[in-house]
Every structure is written in structure tokens, then in C-alpha cells.
Amino acid sequence: MDIFTNIQGFKHYLGTLKPQEKSVGFVPTMGALHEGHLELIKTSKQQNDLTICSIFVNPTQFNNPEDLNKYPRDTASDIAKLQDVLCDVVFIPTVEDMYDEHRIVNFHFGYLEEIMEGRFRPGHFSGVGLIVTKLFNLVKPNRAYFGTKDLQQLTIIKKLAKDLLFDIEIIPVETIRESDGLAMSSRNKLLSREERKQAVVLYNSLILAREKLNNQESVISVKKYISDYFESNSVIDLEYFEVVYTENLQNVSKIQKSDRVSLCIAGYLGKVRLIDNISLF
Ligand code: PAF
């Protein structure tokens, strides 16, 4: 595996690739890699001649400095995991490589960033949009891979790629779960042993909500049930539970059989923020 830790060397390498000969799959990450990330790499490897992964803890997408400081980092173990799945190239830039001190560009994604994650993490999606745009401009992949666990991020990146005419296919990859159902996330590493046991309540509540909706209970009553449940029984401090159309993340008030609907949830377990979603049918 080729490893590049500065932008100059990486640019030079990219310049040696002949576009007509190789299809490039790109997996942007913030490191602390787990099975979910490795699934993105494996999917890219099946679909492309060359797979490039980036590891960069992007400061502009953290609205909370404490969250940025404690974000897990383990580059040596990440490199070993990428080697195990035969990733071809990894790019690990510095903040100075990726950002000019006097940056003035910001993104706003309208409705898509005023809901759910956007409501609780102001500026987060602007930071995601910035770094993904920079990386897309640099790598110019044919395909880029994102997990469906971050459904709102995936929706925004699809829109970004379309609006900015990136000739890149955005490929969603299903959430990988632990054996108890907890969605894999780099943040799970920050949970204490006790919190790790409790964390599955997030996923279980989604399953319960799905059962109720599939049994024709109304969206409004299921939302109330979930919010009462977290208020009275749970160790999780719920931020939101939403029932949305998967395609555009607009709120659903009444479910029709043919609709593609997702149930999305976020909350704090102690100091760790967790998110998850499942589809309805
Ligand atoms: O999902 C992530 O890990 C990050 O938001 C991404 C897409 C790598 C941008 O920093």
C-alpha cells in the first residue's frame, strides 16, 4: 500500500495515473477505522481498479472543540487495517495541507442542514462539504463511498456532487452493526464498558418504532412514545427522533405503503454523541 502524508507527494502520484486505464474508488474517512469503513474499502475494491482512502480528522466539521480534541486517533492501527483489506493507497494530510488560514468559503445546504444533525451541530455540514469538495477536486475519483449510517451526510454529499457537477458516482454502503445491533462508529471507542452495554438502546428503540409504524400506529403517536420512553427510562439524552422520506429527508406525517421511509435518531450517552437510522420496510 502506498502511503502519502503530504499533499505534494500525493498530487505527484495522482499525476502518474492515466485516467483512461484505471477506475478509481475513493473512501474518505476520519480514521479510527472499524468494520464499517473496511466494508466501504471492500466495496470499492470490487468495483474499481484502484482504491484510495483518506484519513483526516477535519476540524471544520466539529462545532465543539472538545469533541474535536477527544475524537479517537490511531493512525498505526488504521494503516494495518487498510493493509489487511488490500487498500491500494492511503492519503493522510495535515491540517495545513488542507486549509488555508484565511479561508472564506462556506457551504449552506438549505433545508437539508436545518434539520436533525444540522439543527444540533451548526456549521457541521459546511465543514463536511468543504473537505469533501477539496478531496474530490484532488483525487478526482470515479466513485466515492459513504456509509448509510450518516444518512443526512450521504444525502447532502449526493446533492453537492450533483450541484457542483462532479463526475463522481456516490455509492451508499449499508451500516455494519455489532452483534447486539449497535451501529459501528468510531465514537463507540469513547464509551465506557457500562455505556457500551447500554448503547444498544438506541438501535432497539428504532426497531420498536418500526414495529409500531408497521402495525399502523400513527407517526405522531410513535414519536411521542419514543420521546416519552427516552425521557423516563433511558440513560440516553435524546436529541431527536424523526421519521423522514429517505430520498429528501422531509418529515413524513402519514405513511403510504410505497414510500421509502427512514427512522433517524441521535442522543448523548454520557459525553458521547451517537446516531443511527433504519429504513421502515
Ligand atoms: O463520515 C466521515 O467520516 C466524515 O464526515 C467525512 C465524510 C470523511 C468528511 O470528513
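Residues numbered from 1 in each chain as written. Predicted model: local features only at pLDDT ≥ 70, side-chain atom pairs only at ≥ 80, totals over all residues. Heavy atoms only, no water.

So, on to the site of the ligand. Around the ligand sit P28, T29, M30, N58, Q61, I131, F146 and Q153, and those are all the residues in its vicinity. Contacts to the ligand include Q61, whose side-chain N or O atom sits 2.6 Å from an oxygen atom. Structurally, the ligand is housed in the largest cavity. When grouped by side-chain class, the residues that make up the shell around the ligand number 4 nonpolar, 4 polar and no charged. (Near = heavy atom within 4 Å. Polar contact = N/O pair within 3.5 Å; in protein donor to acceptor, adjacent residues only side chain to side chain. 1 Å grid on protein atoms, 1.4 Å probe; cavity = no way out; pocket = protein on both sides within 12 Å on 5 of 7 lines; lining within 4 Å. Sits in = over half its atoms within 2 Å of the grid points. Nonpolar A, V, L, I, M, F, W, Y, C, P; charged D, E, K, R; others polar.)

Once that is clear, we can look at the sheet that holds strand β6 (residues 169–173). Read from one edge to the other, the open sheet built from 6 strands follows the order β1-β4-β3-β2-β5-β6, with strand pairing classed as parallel. Both edges of this open sheet fall to β1 (2–4) and β6, since each of them pairs with a single strand only. Neighbour to neighbour, the strand axes of the sheet diverge by 25 degrees on average, direction disregarded. Here strand β5 (residues 143–147) pairs with β6 via 5 bridges, running parallel. By the bridge assignment for β6, R143 is matched with E169. Packed on one face of the sheet, helix α2 (residues 35–47) meets β2 (24–29), β3 (50–55), β5 and β6 and runs near 155 degrees to β5. (Pairing = 2+ DSSP bridges. Helix = DSSP H or I, 4+ residues; strand = E, 2+ residues; numbered from the N terminus. Axes fitted to C-alpha atoms, helices over the stretch in contact; angles between N-to-C directions. Contact = heavy atoms within 4.5 Å.)

Now for the environment of E174. Mapped onto the elements, E174 comes out in the loop between β6 and α9 (193–198). On the basis of relative accessible area, E174 is assigned to the exposed category, the value being 61%. Residues E174 and L40 lie 134 residues apart in sequence; the distance between their C-alpha atoms is 8.9 Å. (Buried < 20%, exposed > 50% of the residue type's maximum accessible area, 1.4 Å probe, protein only.)

Moving on, we come to empty space enclosed by the protein. In total, this model carries 2 cavities of 30 Å³ or more according to the counting rule given. Its boundaries defined by the atoms lining it, the largest cavity holds a volume of some 880 Å³. Contributing to the lining of the largest cavity are 48 residues, with H37, Y71, K149, D150 and Q153 lying nearest its centre. Residue assignment for the lining of the largest cavity shows that the elements contributing at least two residues are β2, α2, α6 (116–120), α7 (124–139), β5, α8 (151–163), β8 (261–269) and β9 (272–279). Per-element accounting of the lining of the largest cavity gives the leading share, 6 residues, to α7. Taken together, the residues of the lining of the largest cavity sort by class into 23 nonpolar, 17 polar and 8 charged. Each pocket or cavity is described by its volume, and for the second largest cavity that value is around 50 Å³. (Points joined across faces, edges and corners; volume = space filled by probe spheres on them.)

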